[in-house]
Structures are given as structure tokens and as C-alpha cells.
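An overview of the molecular structure
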Amino acid sequence: MAITLETDTITAKTTKKGYEIIELKEGQYILYAYGDPKEPKEILSAEVPKGKKWRLTANVYIEETDA
């Protein structure tokens, strides 16, 4: 009986992570974008409604690998 080998490839990576908690007042915005600063691609744009306040927890997790 022959042994069948399975191949696992493990990609080297570096992770970067962090978070911050901030308070936002009515009329303030959350803007989240990526890409070229001259032509950013917007992921999120949200305004705190009148008479409200938001407590935002912003989490960032990045996996860095070779291109």
C-alpha cells in the first residue's frame, strides 16, 4: 500500500492590530476609506444624528504578507 502525501503551505505573515474608543457628538462623521488618497474608495460615511451621541470602538486588524 502506497502512502499518499498531502501538501500544506504555510504563508509567512505579520499581523498588526489596535483599537481606539472615541466619543462623537451630533453632526460629527465617521469616514472610513482606503486606496489612493487622491481618489479614496469609501467604505463607510455616517453622521451622528441630531440629539444623539455615539461611542465608537474602532478596531484594526492587518495581515501583511509578501506580494
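The following paragraphs examine the structure supplied in this document. (Residues numbered from 1 in each chain as written. Predicted model: local features only at pLDDT ≥ 70, side-chain atom pairs only at ≥ 80, totals over all residues. Heavy atoms only, no water.)

**Quick look at the overall build of the protein chain**
Applied cut-off: In DSSP terms, a helix is any run of H or I states spanning at least four residues, a strand is any run of E spanning at least two, and both are numbered starting from the N terminus. What the globule rule says is 2.2 Å times the number of residues to the power 0.38, and the radius of gyration is computed from C-alpha atoms. Contact definition: two residues touch when any of their heavy atoms are within 4.5 Å.
Looking only at helices and strands, the protein chain features zero helices and four strands. The secondary structure elements of the protein chain, listed N-terminal to C-terminal, are β-β-β-β. Whereas a compact globule of 67 residues would reach a radius of gyration of roughly 11 Å, the protein chain reaches 21 Å, over 25% beyond that. Overall, the C-alpha framework of the protein chain stretches about 75 × 30 × 20 Å when taken along its three principal axes. In the protein chain, once contacts between residues fewer than 6 apart in sequence are set aside, the share between residues at least 24 apart is 59%.

**Remarks on the pattern of salt bridges**
Definition in use: For this document, the term salt bridge refers to a Lys or Arg side-chain nitrogen within 4 Å of an Asp or Glu carboxyl oxygen. Burial status follows relative accessibility: with a 1.4 Å probe on protein chains alone, a residue under 20% of its type maximum counts as buried, one over 50% as exposed, and anything between as partly exposed.
Counted according to the given criterion, the structure contains three salt bridges. Its salt-bridge partner being lysine 13, residue glutamate 63 comes within 3.3 Å of it at the nearest N-O pair. Of this pair, glutamate 63 sits in strand β4 (residues 54–64) while lysine 13 sits in the segment before β1 (14–24), and the two are 50 residues apart along the sequence. Residue lysine 13 is classed as partly exposed on the basis of its relative accessible area of 47%. Residue arginine 55 is joined to glutamate 23 by a salt bridge in which the shortest nitrogen-to-oxygen separation is 3.1 Å. With arginine 55 in strand β4 and glutamate 23 in strand β1, this pair connects stretches of sequence that are 32 residues apart. Accessibility expressed as a relative area gives 49% for glutamate 23, which makes it partly exposed.

From the geometry alone we can't say anything about function, so treat these as descriptive.
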